[in-house]
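Here is how the chains run, residue by residue.
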Amino acid sequence: MPGKIADFLRTAELEPAERAVLDQGVTVRRGQGYTLRASAIPAVHRQLLDRCQPLDNAAAISAQRKARREYANRVSNLDQ
């Protein structure tokens, strides 16, 4: 998941399973930012994506909206 998503989720109220996924993820540097490689079943990734819904509105920073779209695309590809 993109680092902007991981940063947002770290400040959110999460279920224990979701928190464990974030805590066990491995940070990979990507240019100016980072990616969090988190291993979890697709259902947990969908739950995390749902928790990122506030990043999809007009009040969010454009980089956060883009990060959420990228994460949504990755999660949708898990089902295929």
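Procedures and definitions
- Residues numbered from 1 in each chain as written.
- Predicted model: local features only at pLDDT ≥ 70, side-chain atom pairs only at ≥ 80, totals over all residues.
- Heavy atoms only, no water.
- Helix = DSSP H or I, 4+ residues; strand = E, 2+ residues; numbered from the N terminus.
- Rg over C-alpha atoms; globule rule 2.2 N^0.38 Å.
- Buried < 20%, exposed > 50% of the residue type's maximum accessible area, 1.4 Å probe, protein only.
- Contact = heavy atoms within 4.5 Å.
- Areas by Shrake-Rupley, 256 points an atom, 1.4 Å probe, with all protein chains shown as cover.
- Lys, Arg positive; Asp, Glu negative; His and termini not counted.
- Charge placed at Lys NZ, Arg CZ, Asp CG, Glu CD.
- Axes fitted to C-alpha atoms, helices over the stretch in contact; angles between N-to-C directions.
- Parallel < 35°, antiparallel > 145°, perpendicular 65-115°, else oblique.
- Left-handed = near helix turned anticlockwise from the far one by under 90°.
- Nonpolar A, V, L, I, M, F, W, Y, C, P; charged D, E, K, R; others polar.
- Pairing = 2+ DSSP bridges.

(A) How the structure looks around the overall build of the chain. Of regular secondary structure, the chain possesses four helices and two strands. Beginning at the N terminus, the succession of helices and strands in the chain can be written as α-α-β-β-α-α. Its C-alpha atoms give the chain a radius of gyration of 12 Å, near enough to 12 Å, the size a compact globule of 80 residues would have. Along the first, second and third principal axes, the C-alpha atoms of the chain reach 30 × 30 × 25 Å. Residues counted as buried form 34% of the 80 residues belonging to the chain. By sequence separation, contacts in the chain at least 24 residues apart represent 55% of the contacts at least 6 residues apart. Per element, the accessible surface of the chain, about 5,100 Å² overall, is 49% carbon and sulfur. Distance between charge centroids for the chain: 9 Å, based on 13 positive and 9 negative side chains.

(B) Structural view of the side chain of Thr35. With respect to the helices and strands, the residue Thr35 is situated in strand E2 (residues 33-37). Residues contacting Thr35, with those up to four places away along its chain left out, are Met1, Gly3, Val26, Thr27, Val28, Arg30 and Arg74.

(C) Here's a closer look at the packing of helix H3 (residues 42-51) against helix H4 (residues 62-78). Contact geometry of H3 with H4 gives a least axis separation of 10 Å together with a crossing angle of 155°. Relative to H4, the element H3 is oriented roughly antiparallel. For the pair H3 and H4, the crossing hand works out as left-handed. In this structure, H3 uses Pro42, His45, Arg46, Leu48 and Leu49 to contact H4, whose residues at the interface are Arg68, Tyr71, Ala72, Val75 and Leu78. Within the contact of H3 with H4, the residues separate by chemical class into seven nonpolar, one polar and two charged.

(D) Local environment of the pairing of E2. Alignment of strand E1 (residues 26-30) against E2, held across five bridges, turns out to be antiparallel. Among the inter-strand pairings, Arg30 is bridged to a residue of E2, identified as Gly33. Connecting the antiparallel pair E1 and E2 is a turn made up of two residues, with Gly31 showing a positive phi of about 60°.

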